[in-house]
Amino acid sequence: MRFLLDAEQREFARTLEALLAAADAPSAARAWARGDHAPGRALWDRFAKAGVFALAVPDESEGAGRLPLELTLAFEALGRHAVPGPAVETVAASVLLAGLGDAAPAQAWLPRLASGGALATLRGDGGYALDADVADAVLVVAGDTGEELWLVDEPGPAVPSHDPVRRLFAPAARGDLLARGPHVAAAAGEARAWAALATAAQALGVGRALLDRTVAYVRERRQFGVAVGSFQAVKHRLADVLVALEFARPLVHAAALSLDPVDIAMAKVASGEAACASARAALQLHGAIGYTDELELSLWLRKARPLRDAWGTPASCRARIVGAS
Amino acid sequence: MDLTHDAETEAFRDEARAWLAAHVPPTPPPSLETREGFAAHRAWEAELAADRWSVVSWPEPYGGRGVDILRWLVFEEEYYAAGAPGRVSQNGISLLAPTLFDHGTEEQRARVLPPMARGEVIWAQAWSEPASGSDLASLRSRAVRTDGGWLLSGQKTWSSRAAFADRAFGLFRSEPGLDRPHLGLTYLMFDLRAPGVTVRPIGRLDGKPAFAELFLDEVFVPDEDVVGAPGEGWRVAMSTAGNERGLTLRSPGRFLASACRLAALWDSAGRDRALADRVADALIGARAYQLFTYAGASRFAAGGVIGAESSLNKVFWSEYDIALHETALDLLGPDAERADGPWAEGWVFSLAGPIYAGTNEIQRDIIAERLLGLPKGRR
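Trainee: Help me out: how do you make sense of the domain arrangement of chain A in this one?
Mentor: Residues and elements named next belong to chain A. Assigned domains within chain A: domain 1 (7–187) and domain 2 (189–321). Computed from C-alpha atoms alone, the centre-to-centre distance between domain 1 and domain 2 is 22 Å. The partner domain 2 presents 35 residues to the 36 residues of domain 1 that form the contact. Between the two partners, domain 1 and domain 2, sit five salt bridges. Across the pair Arg66 and Glu190 runs a salt bridge, and its minimum N-O distance is 3.2 Å. Listing elements by their share of the side of domain 1 that touches domain 2, those giving two or more residues are helix 2 (25–33), helix 4 (68–80), helix 5 (87–98) and helix 7 (182–220). Broken down by element, the residue count for the side of domain 1 that touches domain 2 peaks at nine residues, all from helix 4. The residue inventory of the side of domain 1 that touches domain 2, partitioned by class, reads 22 nonpolar, five polar and nine charged.

Trainee: It is not clear to me how the state of the cysteines should be interpreted in this structure. Could you clarify?
Mentor: Residues and elements named next belong to chain A. Counted by the stated rule, this structure contains zero disulfides over all chains. Just so you know, Cys276 is unpaired, no disulfide at all, and the nearest cysteine sulfur is the one on Cys317, 13 Å from it. Cys317 sits in the buried class, given a relative accessible area of 7%.

Trainee: Mind showing me how you'd approach the sheet that holds strand 7 (residues 158–159) of chain A here?
Mentor: Hydrogen bonds along the backbone pair up the strands of a sheet, which may run parallel or antiparallel. Residue and element names in this part refer to chain A. Across the sheet, which stays open at both edges, the three strands sit in the order 4-8-7 with antiparallel pairing between neighbours. With one partner strand each, in any of the chains shown, strand 4 (129–130) and strand 7 form the two edges of the open sheet. Bridge analysis of strand 7 against strand 8 (residues 168–169) gives two bridges, and the strand direction is antiparallel. Along strand 8, the bridge assignment pairs Ala158 with Phe169.

Trainee: Explain the sheet that holds strand 9 (residues 175–180) of chain A to me, please; I cannot follow it from the model alone.
Mentor: Residues and elements named next belong to chain A. The mixed open sheet is built from four strands, whose spatial order is 3-5-6-9. Across the chains shown, the open sheet's two edge strands, defined by having one partner strand only, are strand 3 (120–122) and strand 9. Within this sheet the neighbouring strands show an average axis-to-axis angle of 25°, counted without direction.

Trainee: Just to check I follow, could you spell out the environment of A:Ala103 for this structure?
Mentor: Residue and element names in this part refer to chain A. Mapped onto the fold, Ala103 is located in helix 6 (residues 103–115). Residue classification places Ala103 among the partly exposed positions, given a relative accessible area of 46%. Between the C-alpha atoms of Ala103 and Ser61, which are 42 residues apart in sequence, the distance is 9.7 Å.

Trainee: What am I meant to see in helix 4 (residues 90–103) of chain B here?
Mentor: Structural remark: α-helix, 3.6 residues per turn; residues separated by three or four positions point the same way. Residue and element names in this part refer to chain B. Relative to the 20 Å expected for 14 residues at 1.5 Å per residue, helix 4 spans 19 Å between its end C-alpha atoms, a close match to the ideal helical length. Among the 14 residues of helix 4, 12 are classified as buried, and the element is accordingly described as predominantly covered. Those residues of helix 4 that sit buried are Gln90, Asn91, Gly92, Ile93, Ser94, Leu95, Leu96, Ala97, Pro98, Thr99, Leu100 and His103.

Trainee: In this structure, what is going on with the domain arrangement of chain B? I would like to understand it.
Mentor: Frequently, the measure chosen for interface size is the accessible area that the parts lose on association. Residues and elements named next belong to chain B. For chain B, the assigned domains are domain 1 (7–88), domain 2 (123–232) and domain 3 (241–371). Put simply, the middle of domain 1 and the middle of domain 2, counted by C-alpha atoms, are 29 Å apart. Summed over both partners, the interface of domain 1 with domain 2 buries about 740 Å², with 56% contributed by carbon and sulfur atoms. Taken together, the links from domain 1 to domain 2 amount to three salt bridges. We note a salt bridge from Arg204 to Glu33, for which the minimum N-O separation is 3.9 Å. Counting every contact that joins domain 1 to domain 2 gives two residue pairs in polar contact (both at pLDDT 80 or more).

What counts and what doesn't
Residues numbered from 1 in each chain as written. Chains lettered and ligands numbered in written order. Predicted model: local features only at pLDDT ≥ 70, side-chain atom pairs only at ≥ 80, totals over all residues. Heavy atoms only, no water. Domains from an automatic or database assignment. Contact = heavy atoms within 4.5 Å. Salt bridge = Lys/Arg side-chain N within 4 Å of Asp/Glu carboxyl O. Helix = DSSP H or I, 4+ residues; strand = E, 2+ residues; numbered from the N terminus. Nonpolar A, V, L, I, M, F, W, Y, C, P; charged D, E, K, R; others polar. Disulfide = S-S within 2.5 Å. Buried < 20%, exposed > 50% of the residue type's maximum accessible area, 1.4 Å probe, protein only. Pairing = 2+ DSSP bridges. Axes fitted to C-alpha atoms, helices over the stretch in contact; angles between N-to-C directions. Expected span 1.5 Å × (residues − 1). Buried area = accessible area lost by both parts, 1.4 Å probe. Polar contact = N/O pair within 3.5 Å; in protein donor to acceptor, adjacent residues only side chain to side chain.

Here it is in structure tokens:
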């Protein structure tokens, strides 16, 4: 028993943090929302080189082996820096393809996904696939029992999200039928679990970014002659946000260690709720300036709610926890 | 990162579980906040101590087993999973003992700890005063130097367990008039039956005398019952507050057991969909608290210190405990009103959680100022 990151894991997190802090991810996210993917792809290349996308790919497919804990560290960093793109979905697609036990699609895609050379997306249970216009592989699991895996050729028109950086598509199951059979359903289940885990970690990062930016703001913003951050009403609200985030993180790490569906559901609920609580506090404590599109804060404010629901709504996760799903 | 216990720890768990299975009374004793219940819980402490289960984390010479904090957590998980009685010695074990380990003399440890471990001497805390609650450092009860010791005078209040306890520990002003209020305080232990002590039990919200007022009129305390140096009381009392105590004030095992009981109640009450989410949240919270504590214990075992994070702990468990009990009452429906129900006393007790051991408002100030770096001020 040693529920602590080891030196290597802490170093990995620090490396990613430094890389992303230097990369102006917010500008890349703004461009991404406008349909200009170039800065986002450049950013993507950089953190792929740090090994992020190899973390969900087995050794034999040129990945780093399966390292879910490191993956949560990476996704917390991606969330903290508002990195655009189908990162969760690329991980999910990797897990799905690797889980097929069928060499051909895995060989065709996994090395490219692991290296960051290709982006993938996967249609979720809600029917939407993130960033299908820019993804090199758009995957859809379909059929009555979820036993068909399609490589979609035409994602269809974009559907607007509350977060303009998240570009939603609702692709139909058509194109190439990559695989069919119960192994597809099993691999898709595993892919959804990893997607939920990565989303939980990303939400944690989003919540932390909102908290950090709000703390910085209330230390600067003065009213009645003092920093508004000296008021207890402000301090206590932010203290509660920190409590929620700090108690969500160990759930995320434990879920990464076990990959147990109930553990993942707990992590997903706690981090999604904590991120949303952080967003509400951030909006309220920034006041009117926080309610603007132009403030950079909006990049995180608009992401908290979608991440809370993506890859496992709180209701579905709680149902799993009490054994009702 | 690893959440599995080693074989030795699992063997320790098995040993604890087996002992508890053989010894935990099949029906719980009366409330420890009643005279007969207090006596029953005292007897239970003796039974625990007879087989060295009352203070497993203490060194062996004082009645413990010298186990590390991770095994203490494992013991607590088994203890509450077995439905064992509440700990009437809690205040002594979790507040006074760590202070004696850090600041006491060997003579004090040898004299005070073994009877505490056996439940022969039950300790009450004597921190608050009528005019000094959250602002504890403003306290006015005095310790005046006399031959061979000190004379204590003043009034303490909200003294948990004092209605039936034997001795108490607290802070007293020994050097009045210094620049800052937390200077000139002395940490003392005293006998609740000494001449000059009047104990007036106070009924808690449910009427049970869970705490008391203490009136002290020139109560003699020998020098040997000063903990740490005279005048250093504030530092002595606070130094362990953020250390192990922050981790061990409320064990995760207790909430894991409560959450399991809650889920079982929900099951037996027909799995009401309307309450399913709150039952799920109780399970999530218990697990989160366990994991947060394991993380803190791992940091502690690796040589780290637990500082202001213990305030995160306090806010979390105290709010969590109320939410859990409110859900239980909602599941009970009309029977929730019954004061003799299985969740009744736990609910009443949970309501005090955000108030004692440093109100949650004080904890949130600490979180905001020390962990988030927000400016001081209480406007």
